[in-house]
Every structure is written in structure tokens, then in C-alpha cells.
Amino acid sequence: KVLVVDKLPEFKRDIMPFFQSSFYLILSLIVVVFSRNYMLPLWMLYILRPLKYHFAKEENENLNQNSEKAFFKDKRFYYPLHTYVALESLVWIWGLVVCSDSVNIESPWFNGIKPHSFGEWFQFSLVLGYFAGLNAIVGHELVHKREWYNKLLGTFSYTKFMYSHFLQEHIHGHHKDVATPNDPCSADYGETVYQFIPRSFFGQHLQSWQRETKRIKKVHGEDVQLVVLIFLNKNTWFLLLHSGIFA
């Protein structure tokens, strides 16, 4: 039976649980450093989290309309999102330092954890990629918020893996054309994942570039010079930003 309740948000009860991802991130980093087992954090997550939800009390409450509005307006729910973006970004920088050949820091937290074999590099990248993927979920939530700083933080979550165009493509493309042939983010019926991923990747970049070109021509006219189209296109600056990260 579902209960409709009237309550105001409380930090400990309603907001603190959303810090779990940040806690797991820090715990995983400590486990990797002291165990030298790159995959152990993922095994822990896929064992501990299911057990937690198995033994946790079943949630059977829904908010009434007044409570729903109070929860929606409470800016404290941003805290867990901002915290995870900040922590995962620091871990990303830490990972870059660990992988660097030009930066050598004699410490168990840096040189002591550096992978050597192909298998170790794969596992190390997989773990960092897993938490970057969680940050992408957080970034997706943030780009949907109205505040400029949330959109900026959300975009930065995608910048770290060279997908800075996500905001404009997702909001102005995917949400407009979802589940139609015009949306590269929607898989075609019967399409395999190996067909979908490259089509989606290149399709999103192409449409993002075309959308920016249309925007610039609307402001500066159809006969705008090519150099202006390139210079004012946001994707040009995204490309330069990504190139700087690679460098």
C-alpha cells in the first residue's frame, strides 16, 4: 500500500542519502591505493549495493502536491550533485597525474599505484571510466536545471571525456527529435549496439555543428564568411578545449 504523505525535506533523512556516490568514490580510491587491486571497488559496489537494497526497508511513500513543491524548490538537493562533480573531477586529475610519464611523485598515492601491464591499464581505466559515467548522469541532471552554474558544472562533467557539446545537442536536439529518424541518440528498430554507437557519436557531432551554423547565419546573415562560421561556432572552441586536454 502506498501512503501519500505531507512533509518538508530534512537534510539527514532526505538529502544525506544522495551523498552515497561521493562516499563510494572516496572509499574506492582508498581501496585501490592500499590493495593494489584495481577491480576490487567495482566488485564491492556490485555486492554491497544490492545487499543494501535487499535488506533496506521498502519505500512506500509518495509526496502530496504541497510537499512535492517544497522538495522541488529546496536547493539543498543540489549539494550531493555538486559534491560528486567536484570529487570525481579531482579523482580525474589524480588519474591523469598517475598516468603521466612527465610527472613523477614518489608516493603510494601516485607512482605506487601506477599501472604497468596492459591488464592493469585496462582495469585502472575501467574503474575511472565507471565513476566518470556516474558523473555523466549527474551532469545530465545539472544541464536540465535553469541556473547557469548548474549548466556549467553539468557541461564540465562531459568535457572530461570530450563531449562538451552535450548540453546543446541534448536540449535542442534529442528532446526535440527523440524517437524519430532525426535523432541520432535514438536507436533504430533492430539496430545493434555496434551500429548504434558510431552512428550516434558522429551524428550528434554533425547535428551540433549544423545547429550552430544555423544559429550564426540567423544572427549574421546567410552570406556570412566561412571564417566567422568557424570562429563563432561553439564546437570549434570545444574542439580546442578537448585538444588542450589531450595535450
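The structure we're discussing is the one just above.
Residues numbered from 1 in each chain as written. Predicted model: local features only at pLDDT ≥ 70, side-chain atom pairs only at ≥ 80, totals over all residues. Heavy atoms only, no water.

Enquirer: It is not clear to me how the overall build of the protein should be interpreted in this structure. Could you clarify?
Expert: Summing up its helical and strand segments, the protein has 11 helices and 2 strands in all. Scanning the protein from its N terminus toward the C terminus, one meets helices and strands in the order β-α-α-α-β-α-α-α-α-α-α-α-α. Reported as C-alpha extents along the three principal axes, the dimensions of the protein are approximately 65 × 55 × 40 Å. Going through the 247 residues of the protein one by one, you find that 35% of them count as buried. If you take every contact in the protein between residues at least 6 apart in sequence, the share linking residues at least 24 apart comes to 64%. A total of about 16200 Å² of accessible surface is found on the protein, and carbon and sulfur atoms cover 66% of it. One finds the centroid of the 25 positive side-chain charges in the protein at a distance of 5 Å from the centroid of its 22 negative side-chain charges. (Helix = DSSP H or I, 4+ residues; strand = E, 2+ residues; numbered from the N terminus. Buried < 20%, exposed > 50% of the residue type's maximum accessible area, 1.4 Å probe, protein only. Contact = heavy atoms within 4.5 Å. Areas by Shrake-Rupley, 256 points an atom, 1.4 Å probe, with all protein chains shown as cover. Lys, Arg positive; Asp, Glu negative; His and termini not counted. Charge placed at Lys NZ, Arg CZ, Asp CG, Glu CD.)

Enquirer: Could you clarify how one ought to interpret the nonpolar core in this entry?
Expert: In summary, soluble globular proteins display a tendency toward joint burial of nonpolar side chains. If you look at the biggest cluster of nonpolar residues, it comprises 21 residues, and the most contacted ones within it are Trp-94, Ile-113, Phe-131 and Val-138. Breaking this core down by element, the ones donating at least two residues are helix 2 (20-35), helix 3 (40-55), helix 5 (78-99) and helix 6 (118-143). Among the elements that line this core, the one with the most residues is helix 5, at 6 residues. Among all residues touching Phe-131, those that are not within four sequence positions of it are Tyr-24, Leu-25, Ser-28, Leu-45, Tyr-84 and Glu-88. One finds Ala-136, Val-143, Tyr-158 and Phe-166 within the second-largest nonpolar core, a separate group that totals 5 residues. (Core = buried A, V, L, I, M, F, W, Y, C linked by side-chain atoms within 4.5 Å.)

Enquirer: Looking at this structure, how should I read the packing of helix 3 against helix 6?
Expert: The relative placement of two packed helices is expressed as an angle between their axes plus a distance between the axes. At a minimum axis distance of 9 Å, the contact between helix 3 and helix 6 shows a crossing angle of 45°. Judged by the inter-axis angle, helix 3 sits oblique to helix 6. On helix 6, the residues touching Leu-42, Leu-45 and Tyr-46 of helix 3 are Leu-126, Val-127, Tyr-130 and Phe-131. Within the contact of helix 3 with helix 6, the residues separate by chemical class into 7 nonpolar, no polar and no charged. (Axes fitted to C-alpha atoms, helices over the stretch in contact; angles between N-to-C directions. Parallel < 35°, antiparallel > 145°, perpendicular 65-115°, else oblique. Nonpolar A, V, L, I, M, F, W, Y, C, P; charged D, E, K, R; others polar.)

Enquirer: Looking at this model, I keep getting lost on the packing of aromatic side chains. Mind explaining?
Expert: Centre distance and the angle of the planes are the two values used to describe a pair of aromatic rings. Under the defined criterion, the tally for this structure stands at 17 aromatic pairs. For the pair Tyr-158 and Phe-166, a centre-to-centre distance of 4.0 Å together with 10° between the ring planes defines the contact as stacked. Of the residues examined, Tyr-158 reaches a relative accessible area of 7% and is grouped as buried. Residues Phe-201 and Phe-202 carry aromatic rings whose centres are separated by 5.1 Å and whose planes lie at 85° to one another, so their mutual orientation is edge-to-face. For Phe-201, a relative accessible area of 36% gives the class partly exposed. The ring of Tyr-53 has Lys-52 lying over it, and the distance from NZ or CZ to the ring centre is 4.2 Å. (Phe/Tyr/Trp six-rings, centres within 6.5 Å; stacked < 30°, edge-to-face > 60°. Lys NZ or Arg CZ within 6 Å of the ring centre and 35° of its normal.)

Enquirer: What is the right way to look at helix 9 (residues 193-220) in this model?
Expert: For the α-helix, the turn length of 3.6 residues means that residues three or four positions removed from each other point alike. Here helix 9 contains 28 residues, and its C-alpha end-to-end distance of 40 Å stays within 8% of the 40 Å for a straight helix at 1.5 Å per residue. Residues Ser-200, Gly-203, Gln-204, Ser-208, Glu-212, Thr-213 and Ile-216 constitute the buried set of helix 9. Buried residues along helix 9 sit in contact with helix 8 (166-177), helix 10 (226-232) and helix 11 (234-246). Of the residues trailing helix 9, Gly-221 is marked for its positive phi of about 100°. (Expected span 1.5 Å × (residues − 1).)

Enquirer: Looking at this structure, I do not really get the environment of Val-31. What am I missing?
Expert: Relative to the elements of secondary structure, Val-31 occurs in helix 2. In sequence terms Val-31 and Trp-109 are 78 residues apart; their C-alpha atoms lie 11 Å from each other. Not counting chain neighbours up to four residues away, the residues in contact with Val-31 comprise Arg-36, Leu-40, Pro-41 and Met-44.

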